[in-house]
Amino acid sequence: MRSATAIALLLLFGCASQPRLPDGVRVVPLEAPPPTADEVREAQERLTALGVYDGQVNGELGARTRVALARFQRIAGLTPTGRLDAPTMEALERASTAPR
């Protein structure tokens, strides 16, 4: 019990040492929260309508969805990352509402 109290005090007062990262390694904060299942589902529906995705519309950001996103990003002039970020979603919205 004494060791648990000692650990709690160390953490509380900041006396515990912070782990040191190896040289050249840095922590990069996330730019945005990951997309929700509804956002992924919407993207899958738009990608399907545009003919670049033929997988299930299930709200899961799996490999086939990421490949379709990268394919669409390349077509739309974006960097093909396979990530569903804000610029990609905006481009999907514009592309799926544009007259063909």
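Each value, and the rule that gives it
Residues numbered from 1 in each chain as written. Predicted model: local features only at pLDDT ≥ 70, side-chain atom pairs only at ≥ 80, totals over all residues. Heavy atoms only, no water. Helix = DSSP H or I, 4+ residues; strand = E, 2+ residues; numbered from the N terminus. Buried < 20%, exposed > 50% of the residue type's maximum accessible area, 1.4 Å probe, protein only. Contact = heavy atoms within 4.5 Å. Areas by Shrake-Rupley, 256 points an atom, 1.4 Å probe, with all protein chains shown as cover. Polar contact = N/O pair within 3.5 Å; in protein donor to acceptor, adjacent residues only side chain to side chain. pLDDT = per-residue confidence, 0-100. Salt bridge = Lys/Arg side-chain N within 4 Å of Asp/Glu carboxyl O. Axes fitted to C-alpha atoms, helices over the stretch in contact; angles between N-to-C directions. Parallel < 35°, antiparallel > 145°, perpendicular 65-115°, else oblique. Nonpolar A, V, L, I, M, F, W, Y, C, P; charged D, E, K, R; others polar.

Asks: Pulling in residues and values, what's your account of the overall build of the protein chain?
Replies: Helices and strands together make up the secondary structure of the protein chain, namely four helices and zero strands. Helices and strands in the protein chain line up, N terminus first, as α-α-α-α. Within the protein chain, the proportion of its 100 residues that are buried is 21%. When contacts within the protein chain are restricted to residue pairs at least 6 apart in sequence, long-range pairs at least 24 apart make up 29% of them. A total accessible area of about 7,700 Å² is found for the protein chain, and carbon and sulfur atoms account for 58% of it.

Asks: Now, about the side chain of Q73: what can you tell me, with residues and values included?
Replies: With respect to the helices, strands and loops of the structure, Q73 is situated in helix α3 (residues 63-75). If we ignore the near neighbours within four places in the chain, the residues touching Q73 are L78, T79, P80, T81, G82, R83, D85 and T88.

Asks: Got a sec to walk through the side chain of T65? Specific residues and values, please.
Replies: Assignment of secondary structure puts T65 in helix α3. Within the structure, T65 has its side chain in polar contact with the side chain of Q44 (distance 2.9 Å).

Asks: A description of the confidence of the model for the protein chain should follow, citing residues and the corresponding values.
Replies: On average, residues of the protein chain score 84 in pLDDT, and 74% of them reach the 70 mark or higher. The spread of mean pLDDT over the elements of the protein chain runs between helix α1 (residues 2-13), the lowest at 56, and helix α2 (residues 37-49), the highest at 97.

Asks: With reference to specific residues and values, describe the pattern of salt bridges.
Replies: Taken as a whole, this structure holds three salt bridges when the rule is applied. For E42, the salt bridge is made with R46, and the minimal N-O distance between the two is 3.0 Å. Taken together, the residues E42 and R46, both in helix α2 and four residues apart, mark about one turn of the helix. The class for E42 is partly exposed, based on a relative accessible area of 28%. The residue D54 makes a salt bridge to R64 at a minimum N-O spacing of 2.7 Å. Taken as a pair, D54 in the loop between α2 and α3 and R64 in helix α3 lie far apart in primary sequence, 10 residues in all. The burial state of D54 is the same as that of R64; both residues are exposed.

Asks: Help me get a handle on the packing of α3 against helix α4 (residues 86-97), residues and values and all.
Replies: Contact geometry of α3 with α4 gives a least axis separation of 11 Å together with a crossing angle of 70°. Classified by the angle between their axes, α3 and α4 sit roughly perpendicular to one another. Contacts from L69, F72 and Q73 in α3 reach T88, A91, L92 and A95 in α4. By residue class, the composition of the contact of α3 with α4 is five nonpolar, two polar and no charged.

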